[in-house]
Amino acid sequence: MAYTVLSGGGTTAGDDPLQTAVWRLRSRACWVDAAALLEPDTPAASLQRAVLLVERCLYTEEGWAEAEDALRTAEALARSDDERGAAACERGQLAYAATLLGVRDRADEALAALGRAAALIEPDGPGRALLDFRRGLFAENVARSPQSALAAYRRAHTAATAHGDALLLSFTWRHLAGLALRDGELVQARHGFGESLRISEELGYLVGTAPALASLADAEEEPLATRLRVEAGRLFRLLGGVPTWLAPRLASVTP
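Residues numbered from 1 in each chain as written. Predicted model: local features only at pLDDT ≥ 70, side-chain atom pairs only at ≥ 80, totals over all residues. Heavy atoms only, no water.

Caption draft 1: Seen up close, the pattern of salt bridges. Per the stated rule, a full pass over the model turns up 18 salt bridges. Of the charged contacts in the structure, one is a salt bridge between arginine 106 and glutamate 68, with a shortest N-O distance of 2.9 Å. Placement of the pair is arginine 106 in the loop between helix H5 (81-100) and helix H6 (107-120) and glutamate 68 in helix H4 (residues 64-77), with a sequence separation of 38 residues. Here arginine 106 and glutamate 68 have matching classes, each one buried. As a salt-bridge pair, glutamate 90 and arginine 134 come within 2.7 Å of each other at their nearest N and O atoms. One end of the pair, glutamate 90, is in helix H5; the other, arginine 134, is in helix H7 (residues 127-141), and 44 residues separate them in sequence. No difference in accessibility class separates glutamate 90 from arginine 134, as the two residues are buried. One network of salt bridges, in which partners are shared, links Glu68, Glu75, Arg91, Arg106 and Glu109. (Salt bridge = Lys/Arg side-chain N within 4 Å of Asp/Glu carboxyl O. Helix = DSSP H or I, 4+ residues; strand = E, 2+ residues; numbered from the N terminus. Buried < 20%, exposed > 50% of the residue type's maximum accessible area, 1.4 Å probe, protein only.)

Pasting the structure below:
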């Protein structure tokens, strides 16, 4: 296929009309419509479908059963270690999302699945960057270990740069900046949040642009901070209140 893989199976426009359509729908929070375009009859297609539906859970807190079904299909079709590792990485992400959002405590399952993925994915393979990023998420938000998270995010950032994974870079920039902000490193935080926003806008990843705007606002002074939050709120409403976890941070923003 003539397209560049982004984190978890998303794509740039490339030359493939199907992947162009999937990417455009995904970036506009239309995960179910994007998944419907894919026939889960190959390991690659089944995994990409699972990626979309797992991401939907994290952003909407809905669709858990559909994501589980898609994951089981991807796991059943996986043949190589890379394919099994990628499916395990998605299994870990789904369990992490359920834990983070308070749906059900699946922390042990998430940790086990991410560990299984680490054993299957080559250390220098393209899937390692995403795995390291997700291990960072778990370390920061479930294990409450910012130092472990920082190390994982840095590994993911370096690998994403090496493999040209622009979407993942937008995520790693934002989370590295979040840790910098926590430590009072405002200049570093602003730079990271700004890079995350720039990449999201360049990719047309609308569903990730509102969180990037809101994060940058946390590191800026007034009146710029308010302007950024207003813009984040506009995009948040445009996408129907997605991601749901952004709502409390935008509650005081008026259109």
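That was the structure; now back to the text.
Caption draft 2: Highlighting the state of the cysteines. Counted according to the given criterion, the structure contains 0 disulfides. This cysteine, cysteine 89, is not joined by any disulfide, and cysteine 57 carries the nearest cysteine sulfur, 15 Å off. (Disulfide = S-S within 2.5 Å.)

Caption draft 3: Up close: helix H11 (residues 206-219). With 14 residues, H11 should cover 20 Å at 1.5 Å per step; its first-to-last C-alpha distance of 21 Å lies within 8% of that length. Counting buried positions over the 14 residues of H11 gives 12, a clear majority of the element. All of the buried residues in H11 are Val207, Gly208, Thr209, Ala210, Pro211, Ala212, Leu213, Ala214, Ser215, Leu216, Ala217 and Ala219. (Expected span 1.5 Å × (residues − 1).)

Caption draft 4: Here's a closer look at the packing of H7 against helix H8 (residues 146-163). The interhelical angle for the contact between H7 and H8, taken along N-to-C directions, is 160°, at an axis separation of 8 Å. Viewed along their axes, H7 and H8 adopt a mutual orientation that is roughly antiparallel. As H7 runs across H8, the sense of the crossing is left-handed. In this structure, H7 contributes Ala129, Asp132, Phe133, Arg135, Gly136, Leu137, Ala139 and Glu140 to the contact, and H8 contributes Ser148, Ala149, Ala152, Tyr153, Arg155, Ala156, Ala159 and Ala160. When grouped by side-chain class, the residues that make up the contact of H7 with H8 number 10 nonpolar, 2 polar and 4 charged. (Axes fitted to C-alpha atoms, helices over the stretch in contact; angles between N-to-C directions. Parallel < 35°, antiparallel > 145°, perpendicular 65-115°, else oblique. Left-handed = near helix turned anticlockwise from the far one by under 90°. Contact = heavy atoms within 4.5 Å. Nonpolar A, V, L, I, M, F, W, Y, C, P; charged D, E, K, R; others polar.)

Caption draft 5: Molecular detail of H4. For H4, built from 14 residues, the straight-helix expectation of 20 Å at 1.5 Å per residue is met to within 8% by its first-to-last C-alpha distance of 20 Å. Here H4 has its buried residues at Trp64, Ala67, Glu68, Ala70, Leu71 and Ala74. Each buried residue of H4 lies within a common arc of 165° when the element is viewed along its axis, so the set occupies one face. On its buried face, H4 is in contact with helix H3 (43-60) and H5. (Arc of directions from axis to C-beta.)

Fair warning: the whole summary comes from geometry, so function is off the table for now.
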